[in-house]
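Overview (structure and organization)
For reference, the chains in residue letters:
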Amino acid sequence: MFDLIVIGAGPGGYEAAAHAGSLGKRVAVVEKAELGGTCLNVGCIPAKTFLRSSRLFREYREAAAFGIIVNAPSFDLPALVARKDSVVGTLKRGVSALLRDTSVEVLHGTGRLVGRNAVEVDGERHEAANILVASGSRPAVPPIPGIDGERVLDSTSAFQLTAVPERIAIIGGGYIGLEFASFFHEIGTKVTVYEALPMIASGCDGDIADELLKILRRGGIEFHLSCSVLGIEGSTLRYQDAGGAPESDSATYILNATGRTPVVSDLGLEEAGVDVSARGIRVDEQGRTNVPNIWACGDVTGRHMLAHMAVREGIVAVNSMFGRPDRMRYDAVPAVIYSHPEVAMVGKTEEELKAAAIDYRKAVVPMALAGRFLVEHVKETGLVKVLAGAAHGEILGVHAIGDLSSEFIVAAGAMIEAEMTLAQASEIIFPHPTVAEALRAAILKAQ
Amino acid sequence: MATPVEMPKLGNTVEQCLLVAWHKRKGDAVCAGDILAEMETDKATFDLTAPSDGTVLEVFFDDGAMVPVFTNVCVIGEVGEAIEEYRPKTPVPSATAGTASISSSGNAPAAPAQPGTAGVAVSPAPDGGADLAMSTPRSNGAWFATQPATPPENIAVPVGRMSPRARRFADEHSFQPSRLPGSGPDGRILERDVRAQLASTQPVSRAARSLMDSGYEIRGAGTGVGGMIRTSDLVPPPVRFTGMRERIARRMEESLASTAQYTLHASADATGLLALRREIKASPGTPDITINDLVAFCAIQAVLEVPAVNAELIEGRLYQRAHVNLGFACDTARGLVVPVVHRSEELSVAELSGRMSALTTQAVEGTLGADDMVDATFTLSNLGGLGVESFTPVINPPQVAILGVDAITLRPVRKSDGGIDFVDVIGLSATFDHQVIDGAPGARFLNVVKEKIASVQSLCSI
């Protein structure tokens, strides 16, 4: 009898299992594929590895501006895939060590609920006082004719390419599509993005999304907004711009980046009576499902689908199941799009504040106010936007576009968590010279 | 004869008291005035004394139990007397059970207060503490709680210096009060001291502090990092009724408290009403008489036919009123206003319509004279315009009846040939004071109203 069985060894699952293990609980984690889940194997980590190389490749091409003369570089995609595999391997060994150190038993196989206190792993039954479902998500497959064609990639197969494609058509202008767009663009592929909404980076603050679109278009990525993809035949994509006639375009590959969908099937959830739909498992702010002893965290709950949120949700669920008061707060969840330039955000967007009729004040400053930003870049631009309550000046949202913003957004998250006012935040000392000083400038301006 | 001793009620708001410790045990001989046990409310401690000489025949609660007021706690009498009839009806909670019952109301599973033992923050259940904690989560969450595993080292306040009730509160909030003297006798720390300390030591964000300064109040525990109170944990202060709202509130409460109201629902054929209204709209030069005006006119005619509803009940005397002073409910920005058409039975439908229209305008503008709002003998309330299909109007005492007018809806009716026809009907909801008007007479009045409305075209000459 385990105190806890976790289904899924992605970030939400393995961190939760390790946390429970460190509390002295008897814990098992079930994984049907690789430790680390989507994030580590086919998501965040591979994507960032790829983007690191594409950035370096671009920087080499632009090195003359920094006073470095290099011969024309070329891109070795198989070498990049090998490096990615090496990085992933190192991190996976880290996960394995973490689970070993916290005495978590790893059950390899496909887990399935049998009742509210047992999990069957490839036919073998294991009992547990608590079950945490952290089964994650998989790439969504939209109902587009030909989406299953052999020239169509998804975010998993895109990491296995062996040659730089000449042209790529990306369906979806969300964070996955935009990160791949930046990568392929930088390694020399002609990139076109087809987005159904009138705006890219859905969920981002409008000013930031506008700026990102402007910068990416200026760089040479083509965007079709408010665009319907009608069908795919071989490597030809048929689409229709808003109000326009059907057109077609061909590309070496077509990348389906239309989002992700929770993995809720074949887990025995319905049979156990868990409140679940195609949009995910419904849980409360401690991660409880409607069925006692069954908990869920991460992508399978269908909320933000962010690895770091899954981690926190898993830990909150573990604390709650073992009587340690804890709860999720969703008003300071940072998110990053690792496009080039990268976008980092935390808290409310201006659109959300308007919709909620919250009175606010705002300040938008160029990243170039920070000396370090100018040092790091040649022609890139960026913005930092701060939103604060009109009456008391409590910081409600911080949105940034510009490289390195992902590394300082946590400071803004801490300010929001602490419900810090602009006046209080302006007492904080920012190291100089850092890009983070743009945040300080925005805070001072908003005051 | 055996005498039960009950938990007294000390103070209007005290619903239960903590039985701190028995000074006498079962079988002890006592004299009148002897201290039986030490009790404690959230404000004070007191001694429970023996009302008569005798022997303690039975005690129904253990030390540390929460005892509802007016509940027997023990019985004193002569050895051998029966005591069962005095045993509290509901299952008697022992010290531990008493704690469990508190847990189930949403608080943490806390250790039973045990005088003489160290205050453990949260005691794990004997078997499977995790299960218990999970099934009764801390909804009042003190996020900065010490963990169940934490040993009860260095008790800040020695037992005895802190009342058990205060200790229980502190335990439930995993809070360790300071050693400062409390406000009880000899500096004893009472629950209110711990509450105050907890409130003053909870971290509060600057923005939340500003809101609190403007009167906002804390609702539950802080939900921020480390239990910090954030703006979302605050609620606005209660709003004081304005003069008019207060008057309405008082009148409505008096109405329901002083009468025996019941409501009958029926509906009348509205074909004539709608036809007449179309006719009025189609004839330029005629006054703009609304459906509501027409229904008011019909109601007045019905009241004249059933005068029992046109009466006032004042201090047990029924006053029959000669004139129909028709009050009608008006929705205004400041709340409900009821202007009165005096001697409404003397007006033609056009005159009635003109008068109601003028009074409505004045009500909305707030320019009604005092005379226009008094002496109503019967009231009309129309929510049909808002789509309401039936409701329970509240009588305006000392009146004895009120007629509510509902929306016009389509209803299928069986034709004589067996087929189905659709007819427009208007709903009627009449409330009567049963002290004066029984069900059948009320129903008869409602039938008269139905007849008048069904024959409105012949009743009203436009």
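What counts, and where the lines are drawn
- Residues numbered from 1 in each chain as written.
- Chains lettered and ligands numbered in written order.
- Predicted model: local features only at pLDDT ≥ 70, side-chain atom pairs only at ≥ 80, totals over all residues.
- Helix = DSSP H or I, 4+ residues; strand = E, 2+ residues; numbered from the N terminus.
- Buried ≥ 20, exposed ≤ 12 C-beta atoms within 10 Å, placed from the backbone.
- Contact = placed C-beta atoms within 7 Å.
- Expected span 1.5 Å × (residues − 1).
- Pairing = 2+ DSSP bridges.
- Axes fitted to C-alpha atoms, helices over the stretch in contact; angles between N-to-C directions.
- Left-handed = near helix turned anticlockwise from the far one by under 90°.
- Nonpolar A, V, L, I, M, F, W, Y, C, P; charged D, E, K, R; others polar.
- pLDDT = per-residue confidence, 0-100.
- Core = buried A, V, L, I, M, F, W, Y, C linked by C-beta atoms within 7 Å.

**Remarks on the overall build of chain B**
What chain B contains, in helices and strands, is 11 helices and 20 strands. The burial tally for chain B puts 38% of its 462 residues in the buried class. Nonlocal contacts in chain B, meaning residues at least 24 apart in sequence, comprise 61% of its contacts between residues at least 6 apart.

**With respect to helix α6 (residues 206–219) of chain A**
Residue and element names in this part refer to chain A. For α6, with 14 residues, the first-to-last C-alpha span of 20 Å sits near the 20 Å given by 1.5 Å per residue. Among all positions of α6, only Ile208, Ala209, Glu211, Leu212, Leu213 and Leu216 are buried. Packing partners of the buried residues in α6 comprise α5 (175–186), β11 (222–224), β21 (343–347), β23 (383–389) and β24 (395–401). One or two positions beyond α6, positive phi appears at Gly220, with a value near 120°.

**Some thoughts on unusual backbone geometry**
Residues and elements named next belong to chain A. Cis peptide bonds are those with omega within 30 degrees of zero, and the linkage from His340 to Pro341 qualifies with 10°. Among the structural elements, Pro341 can be located in the loop between β20 (335–337) and β21. Omega for the peptide link from His432 to Pro433 comes to -5°, which places this bond in the cis form. Structurally, the position occupied by Pro433 is in the loop between α11 (422–425) and α12 (437–446). Although it is not a glycine, Ser103 sits at a positive phi angle of roughly 60°. Mapped onto the elements of the fold, Ser103 is located in the loop between α4 (77–101) and β3 (104–108). Backbone geometry places Ala201, a non-glycine residue, at a positive phi of 50°.

**Quick look at the pairing of strand β12 (residues 311–314) of chain B**
All names here are of chain B. Pairing of β12 with strand β13 (residues 317–320) involves four bridges; the strand directions are antiparallel. Across the sheet, residue Glu312 finds its bridge partner in β13, namely Tyr319. Following β12, the chain reverses through two residues before pairing antiparallel with β13; Glu315 in that reversal takes a positive phi of roughly 45°.

**Examining the sheet that holds β11(A)**
Pairing between the strands of a sheet is mediated by backbone hydrogen bonds and can be parallel or antiparallel. Residues and elements named next belong to chain A. The strand order across the open sheet built from five strands is β8-β15-β9-β10-β11, with neighbouring strands paired in parallel fashion. With partners counted over all chains shown, the strands left at the sheet margins are β8 (152–153) and β11, one partner each. Direction of pairing for strand β10 (residues 190–194) relative to β11: parallel, over a ladder of three bridges. From the neighbouring strand, Tyr194 faces β11, where its bridge partner is His224. Together, β9 (167–171), β10 and β15 (253–256) form the strand contacts of α5, whose direction differs from that of β10 by roughly 165°.

**So, the packing of helix α1 (residues 11–22) of chain A against helix α7 (residues 307–321) of chain A**
All names here are of chain A. One way to put it is that α1 packs onto α7 with a least axis distance of 8 Å and a crossing angle of 35°. As α1 packs across α7, the resulting crossing turns out to be right-handed. Across the interface between the two elements, Pro11, Gly12, Gly13, Glu15, Ala16, His19 and Ala20 from α1 touch Ala307, Ala310, Val311, Glu313, Gly314, Ile315, Ala317 and Val318 from α7. Residues belonging to the contact of α1 with α7 are distributed by class as follows: nine nonpolar, four polar and two charged.

**Considering the environment of Ser96(A)**
Residues and elements named next belong to chain A. Topologically, Ser96 is positioned in helix α4. A tally of 16 C-beta atoms within 10 Å means that Ser96 is categorised as partly exposed. Distance in space between the C-alpha atoms of Ser96 and Tyr14 is 9.2 Å, their sequence separation being 82 residues.

**A few points about the confidence of the model for chain B**
All names here are of chain B. Looking at chain B as a whole, the pLDDT averages 81, with 83% of positions reaching at least 70. In the predicted structure, residues 92–155 sits below a pLDDT of 50 and forms 110 contacts with residues beyond four places in sequence or in another chain. Across the assembled chains, the prediction reports ipTM 0.71 with pTM 0.65.

**A word on helix α3 (residues 44–61) of chain A**
All names here are of chain A. The end-to-end C-alpha distance of α3 is 26 Å, a good match for the 26 Å that 18 residues give at a rise of 1.5 Å each. Listing the buried residues of α3 in full gives Cys44, Ile45, Pro46, Ala47, Phe50 and Ser54. Contacts from the buried residues of α3 go to α2 (37–42), α4, α5 and α7.

**Section: the sheet that holds strand β19 (residues 401–414) of chain B**
Residues and elements named next belong to chain B. Spatially, β11-β20-β19-β18-β14-β17 is the arrangement adopted by the six strands of the open sheet, whose pairing is mixed. Two strands in the sheet have a free side with no partner beyond their single neighbour: β11 (261–269) and β17 (340–341). Where β19 and strand β20 (residues 420–433) come together, 12 bridges link them in antiparallel fashion. Within β20, the residue paired with Gly404 across the bridge is Ser429. Docked against the sheet, helix α7 (residues 271–282) engages β11 and β20, running at close to 100° with respect to β20. Across the face of the sheet, helix α10 (residues 439–454) comes into contact with β11, β19 and β20 while running at roughly 25° to β11.

**Re the nonpolar core**
The tendency in soluble globular proteins is for nonpolar side chains to be buried side by side. If you look at the biggest cluster of nonpolar residues, it comprises 139 residues, and the most contacted ones within it are Leu132(A), Val133(A) and Ile170(A). The element contributing the most residues to this core is α7(A), with nine residues. Of all hydrophobic cores here, the second largest spans 56 residues; its members include Ile280(B), Ala302(B), Ile426(B) and Phe432(B).

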